[in-house]
Amino acid sequence: MPPKKRNSGTTQIKEVKSAESVSPNKKECPELSFKKHRDKDAEFVTLCKSLHVTDVVCDHTWSLGKSLQEFMDEIADSQRRVWGACLFVSGIDLDVASFTVTQVLKAVNLNVKQFVALVKKLDVNMNTISTKVHSALTRLENKYDALLALYQRFEKTCRKIFAMAPDNPEWETLRSCWTMFLLAKGRALQKEDDLVIPFQLLLCTLELFIKRCPPDLLQPLYKSAISKFQSPPTRTSRRSQSKAKSRPLEPEVDLQLLKTLSNENDCNGEEVKNVYQTSFLAFLESLDLSRSPDFPQAKDLNQQYEDHYLKSRDIDGRLFFDGDETVLPSKVEILQEEKTPKKNLPDEEVLVPPQTPIRTAMTSILQLRGDLTSNGDQPSNNLLQYFKNCTVDPTQDVLKRLETIGQEFSRKFGEAVGPHCVGLGWQRFKLGTRLYYKIMEAMLKSEEKRLSVQNFSKLLNDATFHKSLLACALEVVMATYRESSWRTGGYNHVGAGDPVETHLCFPWILDVVHLPAFDFYKVIESFIKAEPTLSKDIVKHLETCENLIMERIAWRAGSPLFELLRQEHGGGAADQVETTASISQPLQHNHTAADLYLSPVRPGRDLPPETPATPTSQTSSQPLNQPAGHTPRLPKSNSLSLFYKKLYRLAYTRLQLLCSYLLSSHPELEPIIWTLFQHTLQHEHELMRDRHLDQLMMSAMYAICKVKSVDLRFKTIVTAYKNMANASQETFKHVLITEGHYDSIIVFYNLVFMQKLKTNILQYASTRPPTLSPIPQIPRSPYKFPNSPLRVPGSNNVYISPLKSSRMSPGIMTPRSKMLVSIGESFGLPNRFQKINQMVNSGDRSFKRSLDPSSAPKPLKRLRFDVDGQDEADSSKSGRDSTLILKLAEMSSTRNRMQEQKMKEDAESKKE
């Protein structure tokens, strides 16, 4: 629930409110003159004057607002709020520090989410909101989400720690605790949208305040957790600090207390201790508080945070403690939170805790660390044996490579996160190393079984393979800690002016290990198959990384992809990377990571699936014997062929979605657009250099609609494109035109795309258009878990889904593997749940038959709860629970029918 407003009238609150009327650079900003702006609306000038903006910003904002007049109905908000949003846009574009975000929010009476939504609405034309503004807006939204999650957890944790109510005078001490955390976060960390390290920093701040708090204000758990050798804390003023210096100093960190805090919050104690001894202790020393037995002075903390907040021009994090409306969650978010299952009775326990962002992150980290507990920092004996079996032992090269990359990783981690976080970087790297060894061993075991060989010398001495596998393991660790994200898409483009602040987002890891994206893509699918314990979120993350590579990153200048394409098209190999006929074939391949990293390993034609691949210890890329006088035909690259198969399917999937938005009344155009799109990717792939797949897609759509006399404007295409999940502003606002010069997608189409493909485009208007390209078969993603929840027909909120476990593969789950609970209606007392669990899990069928059969004469159909459809229960149920059992049976039967219908539809689509 949102925090309550407090009207205690403290000096801290007064200082906060007075600060809101002060400009960050008031001394540097000349006074705005009403006389100079007589041509503008008086209310607008008053707003500008209250925010101390310069004349330049005032003029720029007024022009921007006037240009939006005709779109006011579309924007659907008050004129004053639109002016506030325009002031924000102008301030970012002109880089003039005249006000903070909080000051704008106060001036126009909006909260953060409402303000972000309004600024996005201003983008009525493709040039209204620059990529610079969009980057700042994304950063603001991400920071707010992180701060809100941290404050909600702070408030909940304080109620568990302190035995006092919000109306207690001592409660104001927690305001200083929260302010101190904000100041520590701002000084120690550069990455503002992270959750894990800031939360660990919050626990360190709480540890400091708990030690200084009188024991009678603590809950029993924390009262007993304080070290017994610690002298009783007292609250002293600065005047009496000289007397306090004579008493024994407390330890820098109370390990027992920190351990209790960590355990209660699902944190790893060693990680929290590391954060304390590096980042937090350095922060305390900067305040001269590292060994002080007193509470930090609230006035000093407040003033120092005030300076930090005004300098950052951001939101005032102290307002969370006041329950200020500018930082409160929207009503929609509160309603969603209230829908979380609540306890039926006060004495009941919550079976499944609400999955808040921080709890989700902590759970994922605990699972990752638990999965790697048995894996050491050195290769296992089995892995060392594989190394020894090689013609050339790779052990020393592997260890030396890890040492070098580890130093680089931790150094750059510290640069991105904070100057004192190098040690945390080493911790992340060690986890990544364990996962790297684990996956490598699993891959080699699979290859040994597949090829019946034990000598993998060629593969294990391939540095690219090792760097790719290590990079993938590190990316999994980073994503688990929520330090790598796909929210911004990692859109770090060359020559883009101000880069999007993605910090550790993919493809950051590729720069650390100096690895081309095309080489990284080869390991992703094999990595996922080798580690069945990966969570759904991590699998989704790796799939997104693969899509980013195919759509953009692999096409950067200098990528090995272009050299492979040159060889394929001009080196005597296959005349095209993927035959047109194979596009419509199912995406089935037997290539493992070993095949892809040693590719090309086969002649121009693929061997039959049953033909074993050449052992990796003796792989040769020599061509088959050619007739005399003929140019040798180079082997075909497995990695390039598979890349293009996946690329075509990704491209068509996106085109199909965009056509469904825009051309539902012209279905005949979709295959024609696809033919031009596919032709461009195959024969004009140079157009993809330093560009994006979606740029070619939108250009192909516009071109075909143009020659087919269908009225479809680029603005309409872009508007629809924004609704796609993968869409990014930079895709259509920042397109490479010539070297070093970028412009909008319209300019790209006119000056580049149309000029290159004009002859081909015009063919589609002739009486003999080009032959249509086959439509790719879109299979179920190999990275998605099967059997998504299915809604029961006739019900709005009843779904059936297979049992899932974060620690077990869904394919091996049965009701005996996990307790079952039926949810969807009120069952009264908790023993009803126990009876259901007992019934389903019991191996004794007599329990199920012991109920009175009179009310249920017909035997129930089999209940299928596991993924493989193994039958568990088959008997008649009746008595007091008969209604419930019949309900379960009906839901199961419905699920079976839906699955059968889905299988039937899939079979029919394959035939088509």
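Residues numbered from 1 in each chain as written. Predicted model: local features only at pLDDT ≥ 70, side-chain atom pairs only at ≥ 80, totals over all residues. Heavy atoms only, no water.

Caption draft 1: Here's a closer look at the overall build of the protein. Along the protein, the regular secondary structure elements total 37 helices and 4 strands. Out of the 912 residues in the protein, the part that is buried amounts to 52%. Sequence-distant contacts, at least 24 apart, represent 75% of the contacts inside the protein between residues at least 6 apart. Counting only carbon and sulfur atoms, one obtains 51% of the accessible surface of the protein, whose full area is about 43,300 Å². (Helix = DSSP H or I, 4+ residues; strand = E, 2+ residues; numbered from the N terminus. Buried < 20%, exposed > 50% of the residue type's maximum accessible area, 1.4 Å probe, protein only. Contact = heavy atoms within 4.5 Å. Areas by Shrake-Rupley, 256 points an atom, 1.4 Å probe, with all protein chains shown as cover.)

Caption draft 2: Expanded view of the environment of P215. Residue placement: P215 occurs in the loop between α10 (196-212) and α11 (220-225). When the C-alpha positions of P215 and I226 are compared, they lie 9.1 Å apart, and in sequence the two are 11 residues distant.

Caption draft 3: Spatial organisation of the pattern of salt bridges. Applying the stated criterion across every chain, the model contains 43 salt bridges. Residues E141 and K120 are paired through a salt bridge, measuring 3.5 Å at the closest nitrogen-oxygen approach. Taken together, the residues E141 in helix α8 (residues 131-161) and K120 in helix α7 (residues 112-121) connect sequence positions 21 residues apart. Overall, the relative accessible area of 45% leaves K120 in the partly exposed class. Between E686 and R689 there is a salt bridge whose closest N-O contact spans 2.7 Å. Of the residues examined, E686 reaches a relative accessible area of 42% and is grouped as partly exposed. Beyond isolated ion pairs, a larger network of salt bridges with shared partners links K113, K120, E141 and D145. (Salt bridge = Lys/Arg side-chain N within 4 Å of Asp/Glu carboxyl O.)

Caption draft 4: Main features of the nonpolar core. Counting 240 residues, the largest nonpolar core has F527, F643 and M701 as the members making the most contacts within it. Broken down by element, this core gets its largest block of residues, 14 residues, from α8. Beyond its immediate chain neighbours, meaning those up to four positions away, M701 contacts L655, L658, C659, L662, L663, I673, L712 and I717. (Core = buried A, V, L, I, M, F, W, Y, C linked by side-chain atoms within 4.5 Å.)

Caption draft 5: Structural view of the packing of aromatic side chains. Enumeration over the complete set of coordinates arrives at 38 aromatic pairs. Consider the rings of F409 and F413, whose centres lie 6.1 Å apart with planes at 25°: the pair is stacked. Residue F409 and its partner F413 are located together in helix α20 (residues 395-417), separated by 4 residues, close to a single helical turn. With centroids separated by 5.5 Å and ring planes inclined at 75°, the aromatic side chains of Y652 and W674 adopt a geometry described as edge-to-face. Placement of the pair is Y652 in helix α29 (residues 638-662) and W674 in helix α30 (residues 669-683), with a sequence separation of 22 residues. Grouping residues by exposure puts Y652 and W674 together as buried. Among the aromatic residues, ring-to-ring pairing joins F518, Y521, W555, F562, F643, Y644, Y648, Y652, W674 and F677 into one connected group. Sitting above the plane of the Y481 ring, R428 keeps its charged end 3.9 Å from the centroid. The ring of F562 carries the charged tip of R689 above its face, separated from the ring centre by 3.9 Å. (Phe/Tyr/Trp six-rings, centres within 6.5 Å; stacked < 30°, edge-to-face > 60°. Lys NZ or Arg CZ within 6 Å of the ring centre and 35° of its normal.)

Caption draft 6: Up close: the state of the cysteines. Enumeration according to the criterion identifies 0 disulfides in this entry. Free of any disulfide, C58 has its nearest neighbouring cysteine sulfur in C48, separated by 3.9 Å. With a relative accessible area of 0%, C58 lands in the buried category. (Disulfide = S-S within 2.5 Å.)

Caption draft 7: Representation of the packing of helix α21 (residues 422-451) against helix α25 (residues 517-530) in the model. In the contact formed by α21 and α25, the axes pass within 9 Å of each other and the chain directions differ by 90°. With respect to each other, α21 and α25 are oriented roughly perpendicular. Contacts between α21 and α25 involve L435, I439, A442 and M443 on the former and, on the latter, V523, S526, F527 and A530. Partitioned by chemical class, the residues of the contact of α21 with α25 number 7 nonpolar, 1 polar and no charged. (Axes fitted to C-alpha atoms, helices over the stretch in contact; angles between N-to-C directions. Parallel < 35°, antiparallel > 145°, perpendicular 65-115°, else oblique. Nonpolar A, V, L, I, M, F, W, Y, C, P; charged D, E, K, R; others polar.)

Caption draft 8: A look at unusual backbone geometry. The peptide bond linking F506 to P507 adopts the cis configuration, its omega dihedral lying at 15°. Tracing the backbone through its elements, the reader meets P507 in the loop between α23 (463-480) and α24 (508-513). Positive phi, close to 60°, is recorded for S452, a residue that is not glycine. Its place among the elements puts S452 in the loop between α21 and α22 (457-460). Among the residues examined, S452 registers a relative accessible area of 67% and is labelled exposed. For H514, which is not a glycine, the phi torsion comes out positive at approximately 55°.

Caption draft 9: Seen up close, helix α32 (residues 714-721). Among the residues of α32, F714, I717, V718, A720 and Y721 are the ones counted as buried. Viewed along the axis of α32, the buried residues span an arc of 165°, placing them on a single side of the element. Looking at the packing, one finds that the buried side of α32 touches α29, α31 (693-707), α33 (729-733) and α34 (745-763). (Arc of directions from axis to C-beta.)

Caption draft 10: Highlighting the confidence of the model for the protein. Here the protein shows a mean pLDDT of 77. Residues at 70 or above account for 67%. Confidence, expressed as mean pLDDT per element, reaches its minimum in the protein at helix α1 (residues 11-19) with 37 and its maximum at α31 with 97. Ignoring residues within four places in sequence, the model shows residues 335-351, a span with pLDDT below 50, making 11 contacts including any to other chains. (pLDDT = per-residue confidence, 0-100.)

Caption draft 11: Broad picture of the packing of α21 against α23. Direction vectors running N to C along α21 and α23 enclose 125°, while the axes themselves pass 8 Å from each other. In terms of their interaxial angle, α21 and α23 are classed as oblique. Between α21 and α23 lies a crossing whose hand is right-handed. Here R428, F429, L431, G432, L435, Y436, I439, M440 and M443 of α21 come into contact with α23, specifically with F465, H466, L469, L470, A473, L474, V476 and V477. (Left-handed = near helix turned anticlockwise from the far one by under 90°.)

Caption draft 12: Inspection of the side chain of E551 at higher detail. Following the sequence through the fold, E551 ends up in helix α26 (residues 536-551). Accessibility expressed as a relative area gives 4% for E551, which makes it buried. A polar contact is formed between the side chain of E551 and the side chain of R654, at a distance of 2.6 Å. Engagement of the side chain of E551 in a polar contact is seen with the side chain of H692, the distance being 3.2 Å. Not counting residues up to four positions away in its chain, the partners in contact with E551 are R654, M688, R691, H692, L693 and N726. (Polar contact = N/O pair within 3.5 Å; in protein donor to acceptor, adjacent residues only side chain to side chain.)

Caption draft 13: Spotlight on the pairing of strand β1 (residues 735-738). In the sheet, β1 pairs with strand β2 (residues 741-743) via 3 bridges, with the strands oriented antiparallel. Following the sheet pairing, L736 is matched in β2 by Y742. The antiparallel pairing of β1 with β2 creates a hairpin that spans 2 residues between the two strands, and G740 there sits at a positive phi of about 80°. (Pairing = 2+ DSSP bridges.)

Caption draft 14: The arrangement of the environment of G558 in detail. The residue G558 is located in the loop between α26 and α27 (560-570) in this model. For the pair G558 and D690, spaced 132 residues apart in the sequence, the C-alpha separation amounts to 9.7 Å.

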